[in-house]
Amino acid sequence: MKTRTPLIAGNWKMYKTPPEAAETARAVAAAAAGAAGVEVMIAPSFVCLTETAKALAGTGVFLGAQDIFWETEGAFTGEVSGPMLKAAGCSHVIVGHSERRQFFGETDESVNKKTRAAIREGLIPVVCVGETKAEREGGLTLKVLDRQVRRGLEGLSLETVVVAYEPVWAIGTGLTATADQAQESHAFIRSVLGEAAGKNVAEGLRILYGGSVKPGNAASLMAMPDIDGALVGGASLSAESFGGIIRFGG
Ligand code: 13P
């Protein structure tokens, strides 16, 4: 019996304008209203945060950002800081998404700095890890996860951290990891977290699965002992499919 409260998080990536985000947020909140015992978070783009925060006010659905810079303010053109995210209404922030690692030079070191900044500001970091197709085929999955978790979270107090396991080959491809494949990685990540933070802390931490989660596969993933929720891309863009995942596909 899992004691961790599941978290179903939507990553809207570079989709939706502010009015579109607010409209979908209202529909997500309506879909989430009937779901008990689960936390729901959506992460629209930076420019949508303020409008989305207004749409979510009083609904219990959490607001997240998709990235954070580690300095609090300064001459860092294009970056957004933790205090800015807090002021915009965020409680969560995604850090180290594989698209940021792949296209924007994010490294385990920058992930560590950003996660530290999120914790410092009282934001819940959702730290993404996951192997590429070549790494999985080369038998390197656990080695990669070990490195990403250890270096990404080194020296941090992990009590509030959420980890998202997102195998890169499963993102946006329709290829979901099987529940057993995901469980193996999640159990391994929890063991690494246990070495880093102690077994008790690790037992309380949520590890989300991400990569082609849909209403039809959410229930089997969520049934696994170390899967504590989902980080959803494509299927979070409509309240109908995201609502189905929030209800664990039921
Ligand atoms: P998809 O659900 O579209 O595969 O995206 C997963 C993801 O990257 C969430 O962060």
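For the structure itself, consult the block above.
A quick note: this is a predicted structure, and the numbers were derived from the prediction, not measured. (Residues numbered from 1 in each chain as written. Predicted model: local features only at pLDDT ≥ 70, side-chain atom pairs only at ≥ 80, totals over all residues. Heavy atoms only, no water.)

A. View of unusual backbone geometry. One non-glycine residue with positive phi stands out, namely Lys16, at about 80°. With respect to the secondary-structure elements, Lys16 resides in the loop between β1 (7-11) and α1 (18-32). For Ser212, which is not glycine, the phi dihedral falls at a positive 55°. Among the structural elements, Ser212 can be located in the loop between β7 (206-210) and α10 (215-222). (Helix = DSSP H or I, 4+ residues; strand = E, 2+ residues; numbered from the N terminus.)

B. View of α10. Within the span of α10, buried status applies to Asn217, Ala218, Leu221 and Met222. All buried residues of α10 lie within an arc of 130° about the axis, which places them on one face of the element. On its buried side, α10 packs onto β1, α8 (179-197), β7, β8 (229-232) and α11 (239-246). (Buried < 20%, exposed > 50% of the residue type's maximum accessible area, 1.4 Å probe, protein only. Arc of directions from axis to C-beta. Contact = heavy atoms within 4.5 Å.)

C. Seen up close, the pairing of strand β2 (residues 39-43). For β2, the tally of buried residues reaches 4 of 5 residues, placing the bulk of the element in the interior. Where β1 meets β2, 5 bridges bridge the pair, whose relative direction is parallel. By the bridge assignment for β2, Asn11 is matched with Ala43. Each parallel crossover has a hand, and the one from β1 via α1 to β2 is right-handed. (Pairing = 2+ DSSP bridges. Right-handed = clockwise from strand over helix to strand, strands pointing away.)

D. View of the site of the ligand. Around the ligand, the surrounding shell holds 13 residues, and the nearest of these are Lys13, His97, Gly172, Ser212 and Gly234. Here an oxygen atom of the ligand and a side-chain polar atom of Asn11 are 3.0 Å apart. Between the ligand and Gly233 there is a distance of 2.9 Å, counted from an oxygen atom to a backbone nitrogen or oxygen. Coverage of the ligand by the protein amounts to 96% of the 300 Å² it exposes when considered alone. (Near = heavy atom within 4 Å. Polar contact = N/O pair within 3.5 Å; in protein donor to acceptor, adjacent residues only side chain to side chain. Areas by Shrake-Rupley, 256 points an atom, 1.4 Å probe, with all protein chains shown as cover.)

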